[in-house]
Each structure stands twice: as C-alpha cells, then as structure tokens.
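Below, each chain spelled out in residue letters.
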Amino acid sequence: MKKELSHIKTFLLILCTLTVWLGCKKEYSLEGNPLQIIPIPADTTSARDTAGIAMAFPYCNTCSYSNMAAELTWSFKIDTSLFCGNVTNGVISPDGKGMTFFGPSACSRNYGLIITAFFNDAVFTMDQNHLVATHVTLQFYDHTGTSDILQSKPPLVFALIFDTYSKFTKQATGSFNGSALNKAGDLVAIKAGRFRVRF
C-alpha cells in the first residue's frame, strides 16, 4: 500500500510540474492590437538589398524607358535598376471593386509581377481618371524558388493609381510605388512603377 501511495505521489508531482512548466510558456498573440501601418522610408534600399535583387534578377537590356511606351507592359525601379515585363492578363472582380493583372518579366520567364488592387466602389462601370486604390498587394514571383523575390501586402504601404481607364476599350494606364519585403525580410522601396493593362 505504501509503495502504491509513493507511486501516486510521484505521478502527481510529475503531473503538477508539467502543468506549471507548460502553463508558463509565453503566448504571442496580437488580439486587440490595432493594425500598424509602416510608412515608406525616404530610402530603404541598401547595398545588401540591391545586391540581393541583382543576383536574383540580372540586368537586362530589354528594360528601357523607351520600351515602356508599348502596349500591355509593366515596369518599376529599385534604386537605379529597372525591372519590366509584359502584362499577359488583367481581370476585374465580379463586383467591380477589384482587379488583378500579371505577366512575366521581359528578362526571364521564371520571374513575373502580380498586382491586385481594391477600390471602395464599383469603379469599372465608367471612364475613370486619377483613381486611387484603397488596398494593394504586389508579388514579384520566382518560379525557381520557394518564395517571392518581393512581396508587399498590408500593413506595408503601397499605392496604385489609375491615370486613365476606358470602359469602351477596357484599357487602363497607371502608376504604383511603395514598400516591399525581399526574401531576406528587408524593406525595399519600389519606385516609378508604371503599367498598361487591358481587362
């Protein structure tokens, strides 16, 4: 009987120790915290950022500002490097409050851009000028890797503006810029973004 009590006491002691030990682990929860917006720094590029992008995306003669006047293209700059490609598709959401366009890089079919933007109202029912998106996400993807080269989604600040949209031609031109994270998790400033898309 004493032996059984000893085993029960030992079991209870181990159980209490485990309960206290597991119960004291720190929880990482953001419930109740307001969403924090990270402002775009004046200059977020660094030698490390630019070098990382340059290695993942080599310089390409195809990207020049003269080529960007062509139809259905996208382009943007990181520091002094210009990235560009063709828009292969543009889609308007059924409710008319969102759109996505995407297309591969002109320098490598393994890389490409996807931008999704949302608006407060159904905006594709009429011609538009200087239309500002309320939420924007950007992915600069890499088919050969396991993660995007660049990614921007809330709470990072990213802006997209339709300079023009024609309901008749279903074509839009515009600009974008903002902050994105590279594969290393560093902030990178995307500047001088331009696009021409047909939905």
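This one's a predicted model, so the numbers in the text were calculated from it and none came from an experiment.

Asker: Sorry, what's going on with unusual backbone geometry here?
Answerer: Apart from glycine, the bulk of residues carry a negative phi angle, and the bulk of peptide bonds sit in the trans form. The omega angle of the peptide bond from Pro 154 to Pro 155 is 15°, so this bond is cis rather than trans. Examined against the element boundaries, Pro 155 turns out to sit in the loop between strand E8 (150-152) and strand E9 (158-166). For His 130, which is not a glycine, the phi torsion comes out positive at approximately 50°. Inspection of the secondary structure assignment puts His 130 in strand E6 (residues 128-132). We note that Lys 170 has phi near 60°; this positive angle belongs to a residue other than glycine. Looking at the secondary structure, you find Lys 170 in the loop between E9 and strand E10 (171-182).

Asker: Looking at this model, I keep getting lost on the pattern of salt bridges. Mind explaining?
Answerer: Side chains bearing opposite charge may pair, as long as their charged atoms lie close to each other. In total, this model carries two salt bridges according to the counting rule given. Residue Lys 183 is joined to Asp 142 by a salt bridge in which the shortest nitrogen-to-oxygen separation is 3.2 Å. Remark: Asp 142 occurs in strand E7 (residues 135-142) and Lys 183 occurs in the loop between E10 and strand E11 (187-198); sequence separation between them is 41 residues. You can call Lys 183 partly exposed: its relative accessible area is 45%.

Asker: Sorry, what's going on with the packing of aromatic side chains here?
Answerer: Each aromatic ring pair is characterised by the separation of its centres together with the angle its planes make. For the coordinates displayed, the defined rule picks out 19 aromatic pairs. Their ring planes at 25° and their centres at 6.4 Å tell us that Phe 176 and Phe 195 sit as a pair that is stacked. Remark: Phe 195 occurs in strand E11 and Phe 176 occurs in strand E10; sequence separation between them is 19 residues. Given a relative accessible area of 1%, Phe 176 falls into the buried group. Among the residues examined, Phe 195 registers a relative accessible area of 3% and is labelled buried.

Thresholds, definitions, all that
- Residues numbered from 1 in each chain as written.
- Predicted model: local features only at pLDDT ≥ 70, side-chain atom pairs only at ≥ 80, totals over all residues.
- Heavy atoms only, no water.
- Helix = DSSP H or I, 4+ residues; strand = E, 2+ residues; numbered from the N terminus.
- Salt bridge = Lys/Arg side-chain N within 4 Å of Asp/Glu carboxyl O.
- Buried < 20%, exposed > 50% of the residue type's maximum accessible area, 1.4 Å probe, protein only.
- Phe/Tyr/Trp six-rings, centres within 6.5 Å; stacked < 30°, edge-to-face > 60°.

Read these as layout, nothing more, since geometry by itself doesn't imply function.
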